[in-house]
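Now for the letters of each chain:
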Amino acid sequence: MEKGFTITYEYGDNLYVNTTNRCNFSCNFCLRHNGHDGSIYTDNLWLKREPAKEEILASIEGRDLTKYGQLVFCGFGEPSYRIDDIVWVIDQLKAHGKKIFTRMDTNGTGNLIHGRDICPDFAGRFDMVSISLNDDTAEKYNALCHPAQPDAYEAMKAFAKEIRQYVPNVMMTVVDTIPPEEIEACRKICEEEIGAVYRVRTYIED
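(A) Local environment of the packing of helix α1 (residues 53–61) against helix α2 (residues 83–95). In contact at an axis separation of 9 Å, α1 and α2 are set at 40° when each is read in the N-to-C sense. The angle between the axes of α1 and α2 places the two elements in the oblique class. Note on packing geometry: the crossing formed by α1 with α2 is right-handed. Seen from α1, the contacting residues are K53, E54, I56, L57, I60 and E61; seen from α2, they are D85, W88, V89, Q92 and L93. Considered class by class, the residues forming the contact of α1 with α2 number 6 nonpolar, 1 polar and 4 charged.

Shown next as structure tokens:
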């Protein structure tokens, strides 16, 4: 594997796709800021350059997809930056007869990033979207995640509500570093306000 150019990597039973290192957040709990180079997953997830869409497709198709439960667009950045290229890749996989459960792990601010509604692009392409809810109020969310856009929290929740129209499985997550009462408040937001599946993720230490 070319150093500094890990596009696909295995983790658990899934194949993950690392399309970008760009991110509009600087979360306190993120591996990027806690001394990790991605080595808990693979050699190094810091990209020396972003792969072209053709390179992403080739890396995926170079794997035996029957080995994996899911194809997850995640990596060491916010994947929705590359939504146009990811859409192309998934369409090519389908055209080539490749069948695999597809998921994106996102902070849910793709509409802000692109200045347009990207939710319809997910229709017929993604089986699941996992969105980082992270905290129960905009104030705490901003203090925890440090988003570039001040209205990111409401944009994320709006995205979560809308994406349910286009994707059959929508999950929202928090990391277990926040207090128990906030974890419970987030559960209510997720299940009662958004109507998504709720998951509490375990923090990975340095």
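(B) Layout of the environment of Y11. Summarising the element assignment, Y11 is placed in strand β1 (residues 8–11). Along the chain, Y11 and G77 lie 66 residues apart, while their C-alpha atoms are 16 Å from each other.

(C) Fine view of the pattern of salt bridges. Going through the model one piece at a time under the given rule, you end up with 17 salt bridges. With its nearest N and O atoms 3.5 Å apart, the salt bridge here joins R82 to E50. A residue pair is termed long-range when its members are at least 10 positions apart, and R82 in the loop between β3 (70–73) and α2 and E50 in the loop between β2 (14–17) and α1 qualify at 32 residues. Overall, the relative accessible area of 6% leaves R82 in the buried class. Using a relative accessible area of 30% as the deciding quantity, one classes E50 as partly exposed. With a shortest N-O distance of 3.6 Å, E193 and K161 are connected by a salt bridge. With E193 in helix α6 (residues 180–194) and K161 in helix α5 (residues 152–163), this residue pair connects regions lying 32 residues apart in the sequence.

(D) How the structure looks around the sheet that holds strand β4 (residues 101–106). An order of β1-β2-β3-β4-β5-β6-β7 is seen for the 7 strands of this open sheet, with the pairing classed as mixed. Strands with a single pairing partner mark the edges of an open sheet, and in this sheet they are β1 and β7 (197–201). Averaged over all neighbouring strand pairs, the angle between strand axes comes to 25°, with direction disregarded. Pairing between β2 and β3: 3 bridges, direction parallel. Note that in β3 the partner of L15 across the bridge is L71. The strands touched by α5 are β4, β5 (128–132) and β6 (169–175); relative to β5, the strand with the most contacts, the crossing angle is about 165°.

Conventions used here
Residues numbered from 1 in each chain as written. Predicted model: local features only at pLDDT ≥ 70, side-chain atom pairs only at ≥ 80, totals over all residues. Heavy atoms only, no water. Axes fitted to C-alpha atoms, helices over the stretch in contact; angles between N-to-C directions. Helix = DSSP H or I, 4+ residues; strand = E, 2+ residues; numbered from the N terminus. Parallel < 35°, antiparallel > 145°, perpendicular 65-115°, else oblique. Left-handed = near helix turned anticlockwise from the far one by under 90°. Contact = heavy atoms within 4.5 Å. Nonpolar A, V, L, I, M, F, W, Y, C, P; charged D, E, K, R; others polar. Salt bridge = Lys/Arg side-chain N within 4 Å of Asp/Glu carboxyl O. Buried < 20%, exposed > 50% of the residue type's maximum accessible area, 1.4 Å probe, protein only. Pairing = 2+ DSSP bridges.

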